[in-house]
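Chain by chain, the residues run as shown.
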Amino acid sequence: SCKKNTLTTETYGVVKDFTGLDGCGLLIVLDNGKRLEVQALPAGVTLTKDKRVAVIYKPAAGFSICMAGEIAEITSLRYL
């Protein structure tokens with residue numbers, strides 16, 4: 001059987017500004033230290049710097065100039 005690579009439980013973190021790094025912008029830094037480079041957000045959702053969030057995401061294919069974290073598609077985001 002195929003295992004889907006999609007998380008369905010919320011993970012917590014903080015939106016951080018990495019614009020000082022080449023090609024970077026706002027990233028989500030999870031509580032476990034992992035960084036998410038956001039490739040896609042749900043419709044109508046925007047990232048706000050220094051806000052705590054609960055996210056559900058899945059790894060996304062693609063390349064990044066930033067290269068500071070995992071490229072992710074955010075399927076759910078709520079501010080805490």
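Residues numbered from 1 in each chain as written. Predicted model: local features only at pLDDT ≥ 70, side-chain atom pairs only at ≥ 80, totals over all residues. Heavy atoms only, no water.

**Q** What exactly am I supposed to notice about the nonpolar core here?
**A** Side chains that are nonpolar tend, in soluble globular proteins, to be buried together. Counting eleven residues, the largest nonpolar core is built from V15, I28, L30, L36, L47, V53, V55, Y57, A72, I74 and L77. Elements represented by at least two residues in this core include exactly β2 (26-30), β4 (52-59) and β5 (70-79). What L47 contacts, discounting residues up to four positions off in sequence, is V15, L26, I28, V38, L41, L77 and Y79. Of all hydrophobic cores here, the second largest spans five residues; its members include F18, C24, L27 and A68. (Core = buried A, V, L, I, M, F, W, Y, C linked by side-chain atoms within 4.5 Å. Buried < 20%, exposed > 50% of the residue type's maximum accessible area, 1.4 Å probe, protein only. Helix = DSSP H or I, 4+ residues; strand = E, 2+ residues; numbered from the N terminus. Contact = heavy atoms within 4.5 Å.)

**Q** Help me out: how do you make sense of the sheet that holds β2 in this one?
**A** Judged by pairing direction, the barrel is mixed, and its five strands sit side by side in the order β1-β2-β3-β5-β4 before closing back on the first. For this sheet, the mean inter-axis angle between neighbouring strands, taken without regard to orientation, is 55°. Here β4 pairs with β5 via seven bridges, running antiparallel. If you follow K58 over to β5, its bridge partner there is E73. (Pairing = 2+ DSSP bridges. Axes fitted to C-alpha atoms, helices over the stretch in contact; angles between N-to-C directions.)

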